[in-house]
Amino acid sequence: MPGYVHGYDGAANDRLNDQAKALSDRIHGDVRFGEDELVLEVGCGVGSQTAMLAANNPKTRFVASDISEASLETAQTRLAASSDRVRFQRADINALPFKDNMFDHAFICFVLEHLPDPSAALQEVARVTRPGGTLTVIEGDHGSVLIYPESEDARAAIACQVALQAKSGGNAMIGRSLYPLMVNSGLIDVSVAPRLIYADGGHPTLAEDFTCRTFTEMIAGVRQDALNANMIDDKQFDRGIAALRKAAGPKGTFSYTFFRGFGAVPKPQFDK
């Protein structure tokens, strides 16, 4: 994906897998599709979410798409055991190579935040989804972060990631606008609900998997780009990362809000 701020290297892929491990049950573990329905996953990456979807929906067929050939190869290897139900195909969300009304449902997770025109992308996904079919859309919001102990340096480091993503045409705070985005894209019966992820000393595994290995590593990954852009000095950035890791410790807390939306593709209206 052009301008994808997180990159496609091994560290980024590891972070995606850690993210799926920490979050999938909490943000889409209850998403269910029907027997023999055909579902499009857009932006499947290395298959981290695909594996959860396939496991939770053992009688559903999937087409998992992504713009990165390398990511698709990794995903295909990872889900080889589900090859009878999961097909992988390279596709650009802005120009999907599928026929109108081809899919029963679509699933989009952590994709719209990277796009300069997420509404156009939703409309394209709706085009290939049958009337009455649904779109499940999940996005985060970096403005929802709460940490203890509070740290201005951590806030500054997070702000660097937000600014860099905006510079590449994305929006790291898209979660709060998911409802109007889906409605304005032509979907009907839209509902959006927050999914809070909270970790403290009583939840050390979640703190390690999400606070440290997912969120903190994501912010740490933009260090050099932030320094090159003169957004922050190296000492403050490193203090910010240290503060985020402290929030994952036994005396710290960290919370982040994701937003999950459901919307349906409208059925054609015929004149009487």
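Thresholds applied
- Residues numbered from 1 in each chain as written.
- Predicted model: local features only at pLDDT ≥ 70, side-chain atom pairs only at ≥ 80, totals over all residues.
- Heavy atoms only, no water.
- Buried < 20%, exposed > 50% of the residue type's maximum accessible area, 1.4 Å probe, protein only.
- Helix = DSSP H or I, 4+ residues; strand = E, 2+ residues; numbered from the N terminus.
- Pairing = 2+ DSSP bridges.
- Salt bridge = Lys/Arg side-chain N within 4 Å of Asp/Glu carboxyl O.
- Core = buried A, V, L, I, M, F, W, Y, C linked by side-chain atoms within 4.5 Å.
- Contact = heavy atoms within 4.5 Å.
- Polar contact = N/O pair within 3.5 Å; in protein donor to acceptor, adjacent residues only side chain to side chain.
- Phe/Tyr/Trp six-rings, centres within 6.5 Å; stacked < 30°, edge-to-face > 60°.

Caption draft 1: Representation of the pairing of strand E4 (residues 103-109) in the model. With 7 of 7 residues buried, E4 is to be regarded as a mostly interior element. In this sheet, E4 lies alongside strand E1 (residues 38-42) in parallel orientation, the contact comprising 4 bridges. Within the sheet, the bridge partner assigned to Val39 lies in E4 and is His105. Pairing between E4 and strand E5 (residues 129-140): 6 bridges, direction parallel. What sits directly across from His105, in E5, is Thr134.

Caption draft 2: Focus on the pattern of salt bridges. According to the stated counting rule, one finds 12 salt bridges in the structure shown. Between Asp36 and Arg61 there is a salt bridge; the shortest N-O distance is 3.1 Å. A residue pair is termed long-range when its members are at least 10 positions apart, and Asp36 in the loop between helix H1 (10-27) and E1 and Arg61 in strand E2 (residues 61-66) qualify at 25 residues. We note a salt bridge from Glu37 to Arg130, for which the minimum N-O separation is 3.9 Å. Separated by 93 residues along the polypeptide, Glu37 in the loop between H1 and E1 and Arg130 in strand E5 bring together distant segments of the chain. Note on Glu37: relative accessible area 18%, which makes it buried. What makes Arg130 partly exposed here is its relative accessible area of 26%.

Caption draft 3: Main features of the nonpolar core. Counting 50 residues, the largest nonpolar core has Phe215, Ile219, Phe237 and Leu244 as its most contacted members. In terms of residues, this core owes the most to one element, helix H7 (residues 204-220), which gives 7 residues. Leave out the neighbours within four places in its chain, and Ile219 touches Ala157, Ile158, Gln161, Phe237, Ile241 and Leu244. Residues Ala91, Ala126, Leu187 and Phe259 belong to the second largest nonpolar core, which totals 29 residues.

Caption draft 4: Geometry of the side chain of Ser144. Mapping Ser144 onto the fold places it in the loop between E5 and strand E6 (146-148). Of the residues examined, Ser144 reaches a relative accessible area of 17% and is grouped as buried. Polar contacts involving the side chain of Ser144 include one to the main-chain carbonyl oxygen of Asp141, which spans 2.6 Å.

Caption draft 5: The environment of Glu35, seen in detail. In this structure, Glu35 sits in the loop between H1 and E1. According to the relative accessible area criterion, Glu35 is exposed, its value standing at 62%. C-alpha separation for the pair Glu35 and Ile158, spaced 123 residues apart in sequence, amounts to 42 Å.

Caption draft 6: Seen up close, the pairing of strand E8 (residues 253-264). Of all 12 residues making up E8, 10 are buried, and the element is well covered by its neighbours. Sheet topology note: the E5/E8 ladder contains 7 bridges and is antiparallel. From the neighbouring strand, Thr134 faces E8, where its bridge partner is Ala264. Two elements, E6 and E8, share 3 bridges in a ladder whose sense is antiparallel. In the sheet register, Ile147 faces E8, and the bridge partner there is Phe254. Where strand E7 (residues 188-200) meets E8, 11 bridges bridge the pair, whose relative direction is antiparallel. Within the sheet, the bridge partner assigned to Arg195 lies in E8 and is Phe258.

Caption draft 7: Looking closely at the environment of Ile174. Examined against the element boundaries, Ile174 turns out to sit in the loop between helix H5 (152-167) and helix H6 (178-184). In this structure the C-alpha to C-alpha distance between Ile174 and Leu112, which are 62 residues apart in sequence, comes to 7.9 Å. Not counting chain neighbours up to four residues away, the residues in contact with Ile174 comprise Leu112, Glu113, Pro118, Glu139, Gly140 and Leu181.

Caption draft 8: Spotlight on the packing of aromatic side chains. Summed over all chains, the structure comprises 9 aromatic pairs. Measuring from centroid to centroid gives 5.2 Å for Phe215 and Phe254, while their planes differ by 50°, and the two rings are tilted. With Phe215 in helix H7 and Phe254 in strand E8, this residue pair connects regions lying 39 residues apart in the sequence. Of the residues examined, Phe254 reaches a relative accessible area of 0% and is grouped as buried. Look at Tyr256 and Phe258: their rings are 4.8 Å apart centre to centre, the planes differ by 50°, and that puts the pair in the tilted class. Judged on exposure class, the residue Tyr256 and its partner Phe258 are both buried. Three or more aromatic residues joined by ring pairs form one cluster here, namely Phe110, Phe210, Phe215, Phe254, Tyr256 and Phe258.

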